[in-house]
Amino acid sequence: MPVRHRVHFPPQKANDLAQDEVFFYVIEDGEKIRLRFHDYASIYARPGLYEQLFYDRLKCTSPTKVADILRKTVEANGQDATALRVLDLGAGNGMMGEALKRHGVSRLVGVDIIPEAREACLRDRPGMYDDYYVADFTDIDAELHEDICEWQVDCLTSVAALGFGDIPQRAFVQALQFVRPGGWAAFNIKHTFLDPSDTTGFSALVRELLFSESIEVHHIERYWHRLSMEGNPLAYFALVLRKEAELPLDLPRRVGIVG
Ligand SMILES: C[S@@+](CC[C@H](N)C(=O)[O-])C[C@H]1O[C@@H](n2cnc3c(N)ncnc32)[C@H](O)[C@@H]1O
């Protein structure tokens, strides 16, 4: 039986806070501990808190949505989703891994930037990933590069992890470079990332990819990612892209990834 945590949402409305600044309280031994939604290390350290908060209370649907459209798209193209060799970027405690495993994939490799994510995944979903790396994909060394290449990845997934102070453009581009031509990428983004008035780096990257000759868009769907703390549905897009060719060498420069 998973532990139920005593979670309190603050009395004030959180409408003015950026998505990564929203906070809540967890009550432990009479002590009221304030955590931000993005305090992943502290959330993962408490078994079941991530699931209770984002999945039970805020009704997150994204791993299921993205895994489902990935399977349907791959199968509509005459391929078996069960043969996919997936790199899951921002894998956290393994919610997306679990959704992918329900469809059966051939290899599943997780990556997250914090060790607490890997530890929580090994604790709560042992054996979910064939391997799980703790790494910063903006700066990977030759050994890790070789390791990931050995997995012969043909699919990248990244759920609830792009933008908002999470995975930066450079890390996403690096991960996409590991996918062999003919392979797939399935991920979700906040709906504003496709809005021309959004000038943040991630929006520029997504728009560049959608119009790139190296990428073919196979599925794009607007859906409710989860509820906000105030109970309002948050609109996201779920996308499935096929990588037709290696990404253009000047892509990083064009989307303002320096260095
Ligand atoms: C909201 S969680 C999503 C976890 C999981 N994909 C899910 O759907 O439940 C975002 C995850 O992205 C990870 N993350 C943030 N920045 C990252 C980066 N630069 N590289 C890899 N992972 C990152 C965080 O540590 C966190 O585990």
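Structure's up top.
Thresholds applied
Residues numbered from 1 in each chain as written. Predicted model: local features only at pLDDT ≥ 70, side-chain atom pairs only at ≥ 80, totals over all residues. Heavy atoms only, no water. Phe/Tyr/Trp six-rings, centres within 6.5 Å; stacked < 30°, edge-to-face > 60°. Buried < 20%, exposed > 50% of the residue type's maximum accessible area, 1.4 Å probe, protein only. Helix = DSSP H or I, 4+ residues; strand = E, 2+ residues; numbered from the N terminus. Lys NZ or Arg CZ within 6 Å of the ring centre and 35° of its normal. Contact = heavy atoms within 4.5 Å. Pairing = 2+ DSSP bridges.

A. Representation of the packing of aromatic side chains in the model. This structure, assessed with the given rule, holds twelve aromatic pairs. Ring centres of Tyr 44 and Tyr 50 lie 5.4 Å apart, and the angle between their planes is 50°; this geometry places the pair in the tilted category. Tyr 44 gets classed as buried once you look at its relative accessible area, which sits at 6%. Given a relative accessible area of 12%, Tyr 50 falls into the buried group. Where Phe 137 meets Phe 178, the ring centres are 5.9 Å apart and the plane angle is 55°; that geometry is what we call tilted. Here Phe 137, found in the loop between strand E6 (131–134) and helix H6 (142–150), pairs with Phe 178, found in helix H7 (residues 169–178); they are 41 residues apart in sequence, far enough to count as distant. Its relative accessible area of 10% is what places Phe 178 among the buried residues. Ring pairing ties together the aromatic residues Phe 24, Phe 37, Tyr 40, Tyr 44, Tyr 50, Phe 54 and Tyr 55, which thus form one cluster. The aromatic ring of Tyr 25 is capped on one face by Lys 32, whose charged end is 4.5 Å from the ring centroid. Above the ring of Phe 9, the side-chain terminus of Arg 57 is found at 3.8 Å from the ring centroid.

B. Fine view of helix H4 (residues 95–103). Buried residues of H4: Met 95, Met 96, Gly 97, Ala 99 and Leu 100, and no others. Buried-residue contacts for H4 involve helix H2 (49–57), helix H3 (62–76), strand E4 (85–89), strand E5 (107–112) and strand E7 (155–158). Gly 104 sits one or two positions beyond H4 and adopts a positive phi of about 75°.

C. Local environment of the pairing of strand E2 (residues 23–28). Burial runs high along E2: five of the six residues are buried. If you look at the hairpin formed by E2 and strand E3 (residues 31–36), you'll find two residues sitting between the two strands, and Asp 29 has a positive phi there, around 50°.

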